Amino acid sequence: MENERVSPVTVFLVMGSGVLAISFGSILIKLAHDVPPVMIAAYRLVFSSIILIGIMRVKSLPFERMNGREWLGCLFSGIFLALHFITWITSLSYTSVASSVVLVTMNPIFVGLISYIVLKERQSIALVAGIILSVTGSIVLALSDSGLEGLQITDSTALLGDMLALTGALMASLYLIIGSRIRERISLMTYITAVYTISAVVLVVTSLFIGLSFTGYRPESYMYMFLLAVLPQLIGHTSFNWGLKYLKSSMVAVITLGEPVGASVLAYFILGEKVSIGQGIGIALIFAAIVTASRSGGKT
């Protein structure tokens, strides 16, 4: 079990590393362009689970005993994580990138509302302001990337994509909220090994059900999916799950919005994509949101 008290510097470094790692996700997915979205998610979680189980066996790390309620929480957390990947990534096949990104960034709003109503987690003015700033920054970033026309719903398929993206945001919110409660009682390694493995099983079953092939892709695509497991999942998501023990789930949700900021910077250096003035404004708003929310984002 982790130490109960950690310094703010440690929290900042771990969460910052998580944002940097998860920012590689969209670039790696783009590079694995020959693999269906759901299959990318399946390989991402399968690789992650295998690595975690291997680490626990090699280092003889104990898998903590959990009661029925904790196992049920891990089960739902893993299912919600899988549903987040399925709905959000699939939405990109039906609606514009801008619409999908805007709707997925409703995540902090969902987390803030659910945490307040269900968990009775008080939200300070600074944290609420941070949530508003983060969503505003994400909208500006998405609009500057694809333009206002990308947000117009012109047919039923676009509406389906928008609903899938919004569902993805809700699934991610439930994943974070459940994790916030369970992480107070069990260790990080036990939690992520259970949740990632459950999520992997859900994604593999889903892939089999819809008839996707696990083979036949470019060799480099398998490397990209392995890197997705190591960077965005094992380092990125695990950092956020670590932070759930010390930060409010709504604060973690705001921090995750550093992903489009990091992705924009990485895309500039790796893919040669330029950062527009609008994107710069969106990035600045998200940074301001994280700084504002961090003033009262810790658990009391």
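The subject of this paragraph is the overall build of the protein. Per the secondary structure count, the protein includes 13 helices and zero strands. Taking contacts inside the protein between residues at least 6 apart in sequence as the whole, the part at least 24 apart equals 89%. Carbon and sulfur atoms provide 70% of the accessible area of the protein, an area that totals close to 14100 Å².

The next thing to look at is the confidence of the model for the protein. Scored by pLDDT, the protein has a mean of 81; 80% of the residues are at 70 or more. When the elements of the protein are averaged for pLDDT, helix 5 (residues 97-104) gives the smallest value, 59, and helix 9 (residues 188-209) the largest, 97.

What follows covers a nonpolar patch on the surface. The grouping of Ile109, Leu113, Tyr116, Ile117 and Val118 at the surface amounts to a nonpolar patch, some 510 Å² of accessible area in total. Along the chain, leucine 113 turns up in helix 6 (residues 107-117).

Attention now goes to the packing of helix 3 (residues 37-58) against helix 10 (residues 219-243). At a minimum axis separation of 8 Å, helix 3 and helix 10 run at an interaxial angle of 65°. The handedness of the crossing between helix 3 and helix 10 comes out as right-handed. In this structure, helix 3 contributes Met39, Ile40, Tyr43, Arg44, Leu45, Phe47, Ser48, Ile51 and Leu52 to the contact, and helix 10 contributes Tyr222, Met225, Phe226, Leu228, Ala229, Val230, Pro232, Gln233, Leu234 and His237.

The rules behind the values
- Residues numbered from 1 in each chain as written.
- Predicted model: local features only at pLDDT ≥ 70, side-chain atom pairs only at ≥ 80, totals over all residues.
- Heavy atoms only, no water.
- Helix = DSSP H or I, 4+ residues; strand = E, 2+ residues; numbered from the N terminus.
- Contact = heavy atoms within 4.5 Å.
- Areas by Shrake-Rupley, 256 points an atom, 1.4 Å probe, with all protein chains shown as cover.
- pLDDT = per-residue confidence, 0-100.
- Patch = residues over 30% accessible without salt bridge, like charges linked within 9 Å, V, L, I, M, F, W, Y side chains within 5 Å.
- Salt bridge = Lys/Arg side-chain N within 4 Å of Asp/Glu carboxyl O.
- Axes fitted to C-alpha atoms, helices over the stretch in contact; angles between N-to-C directions.
- Left-handed = near helix turned anticlockwise from the far one by under 90°.

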